[in-house]
Amino acid sequence: MKKIGVLYGMENTFPGALVERINAMKLPDIVAESVQVGGVHEAAPSGYAVIVDRISHDIPFYRGFLKNAALTGTIVINNPFWWSADDKFFNYALARKLGVAVPHTVLLPHKQYPAGTTDRSMRNLEYPLDWKGIFEYVGFPAFLKPFDGGGWRDVYHVHNWEQFFQAYDQTGDLCMTLQSAVKFQEYFRCYVINQKKVHIMPYDPRRPFHERYVKDPPTYPPELLTRVERDALTLCRALGYDLNTVEFAVEDGVPYAIDFMNPAPDADVHSVGETNFRWIVDAVAEMAVEKAQQHAGTTAGGFVWSSFLSGKPVTKAAASTTAKKSAAKKAPVKTAASKSTKNPGPSV
Ligand SMILES: Nc1ncnc2c1ncn2[C@@H]1O[C@H](COP(=O)(O)OP(=O)(O)O)[C@@H](O)[C@H]1O
Ligand SMILES: [Mg+2]
C-alpha cells in the first residue's frame, strides 16, 4: 500500500478535501492521510510515496524533514530543494530569458545592514547608488516588494521618488526589488499543476479580499488566454514547480508575469470559490495519485546532491555507469545531471 501524505499549517478546507478526494477514488494500492511526523532520524524513510507540502516555507523543521524524505525516495510536491534555493528576482530574470513578458525590475541593496554586519561588510557596494538610473529604468508608478516574499507582505505602491524613499526607509534589512507597475486592464491568477494543466482565474486585486476571484468575468480574446496558458506553462516547466500559481497583469493585451513563486498557493474554498476549489482539489489529487503510481520505492546507494534540485536523485552506481559508457565512446565523461521555494499558511 502506497501512502500519500498532506503536510499543512493553519489552512482548513484544502488538505481535508484532498485526502477525501484521493480516498474516494478507492484505489486498491493507494491511501491518503495527514502526515504524522515526530523526531526525524537521518536517512530514515518517511513512509510516504508522495507528500504534498503546503507549509514548509514557514516551518524549517518541516523543510528539513522533507529533504530527508526526498533523499529516501519520497516524491515531494513541490521540490523542497529548489523551493529553498529560489527567489522572485531570479524568477523575473529567468522569465526575461525565456521570452515571457515581465515588468522592468531592479534588485536593491538592503536599506539597513543585516544583523551582525556593518558598513565594513558592504565595501563592494557602489555608493551613492545610481538612483536616477534606477528610477529611469523602472519608471513610476512602481511596486517596491521583497525579492523573496508572499502574502502581500511589505508590498508598497509608490508614485514618485519621495514615496519611494519613505517606503524604502521602512524595509529594514529586507532585500527588496523595485518593479514597474503594470497599468492593467485584465488580471489573471493561474493554477498550474504537474507542469501540464492550467486553470485561468480572472482576479481583481483592487477588490476586497473575499471578492477578488471574479465570479462573472467578461469574455476575453482567445489569443490572450492562449498566451497566458503558454507563458504559465513555460515558467512552471523552467522552474520545476508541480503546484504553483502564476499571476499576470495585462496591459494593452500583453500579459506581464508579476508573481510566480507561489508553491503553496491559496486554495481555500472561502477565498477561491467553489468552482476553482473543485478544480484544484481534483487536479492535485490526480497528480498525487499519478506520482504515487510512478513511485519506485526508496533508492539505495550514494547520491549527488545537486541532482536533487532537478528532482531526479542519481545514485553513485548510475553515475559511474554513465561515466564508463562515455569513456568507452571516448566522449567527455558526463556525470550526474544538474539542472536547473514565505507566508503564514498558503502563499497568495
Ligand atoms: N508590477 C506590478 N504591477 C501591478 N501590480 C503589481 C505589481 N507588482 C505587484 N502588484 C500588486 O501587488 C500585489 C502583491 O504583489 P505580488 O508580487 O503578487 O507579491 P506577493 O507574493 O506578496 O503576493 C499583486 O497581486 C498586485 O496586485
Ligand atoms: Mg501575489
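Whatever comes next refers back to the structure up there.
Residues numbered from 1 in each chain as written. Chains lettered and ligands numbered in written order. Predicted model: local features only at pLDDT ≥ 70, side-chain atom pairs only at ≥ 80, totals over all residues. Heavy atoms only, no water.

**Q** Teacher, can you tell me more about the pattern of salt bridges here?
**A** Side chains bearing opposite charge may pair, as long as their charged atoms lie close to each other. This model, assessed by the stated rule, comprises 15 salt bridges. We note a salt bridge from D204 to R206, for which the minimum N-O separation is 3.2 Å. Looking at D204, the relative accessible area reads 16%, which means it is buried. The exposure class of R206 is exposed, given its relative accessible area of 58%. Through salt bridges that share partners, D204, R206 and R207 make up one connected network. (Salt bridge = Lys/Arg side-chain N within 4 Å of Asp/Glu carboxyl O. Buried < 20%, exposed > 50% of the residue type's maximum accessible area, 1.4 Å probe, protein only.)

**Q** Sorry, what's going on with the coordination of the magnesium ion (ligand 2) here?
**A** A four-donor tetrahedral metal ideally has 109.5 degree angles, and a six-donor octahedral metal ideally has angles of 90 or 180 degrees. Protein-derived coordination of the magnesium ion (ligand 2) comes from E247 (OE) and D259 (OD), at a distance range of 2.0 to 2.4 Å. On the criterion of sequence distance, the pair formed by E247 in strand β11 (residues 243-251) and D259 in strand β12 (residues 254-259) is long-range, its members being 12 residues apart. When its relative accessible area of 8% is taken as the criterion, D259 is described as buried. (Donors = N, O, S within 2.8 Å, 3.2 Å for Na, K, Ca; no water. Helix = DSSP H or I, 4+ residues; strand = E, 2+ residues; numbered from the N terminus.)

**Q** Explain the sheet that holds strand β9 (residues 186-193) to me, please; I cannot follow it from the model alone.
**A** Adjacent strands of a sheet form backbone hydrogen bonds with each other and so pair up, either parallel or antiparallel. Spatially, four strands are ordered β10-β9-β11-β12 in an open sheet, and the strand pairing comes out antiparallel. For this open sheet the edge positions go to β10 (197-202) and β12, each flanked by a neighbour on one side alone. The average angle at which neighbouring strand axes cross in this sheet is 30°, direction not considered. Relative to β10, β9 runs antiparallel, the two being bridged by six bridges. (Pairing = 2+ DSSP bridges. Axes fitted to C-alpha atoms, helices over the stretch in contact; angles between N-to-C directions.)

**Q** Where do I start with the side chain of K291 in this structure?
**A** Following the sequence through the fold, K291 ends up in helix α9 (residues 274-294). Relative accessible area serves as the criterion here: at 13%, K291 is assigned to the buried category. Those residues in contact with K291 that lie beyond four places of it in its chain are V50, I75, I77, N194 and D242. (Contact = heavy atoms within 4.5 Å.)

In short, the description is geometric, and any link to function would need to be established separately.
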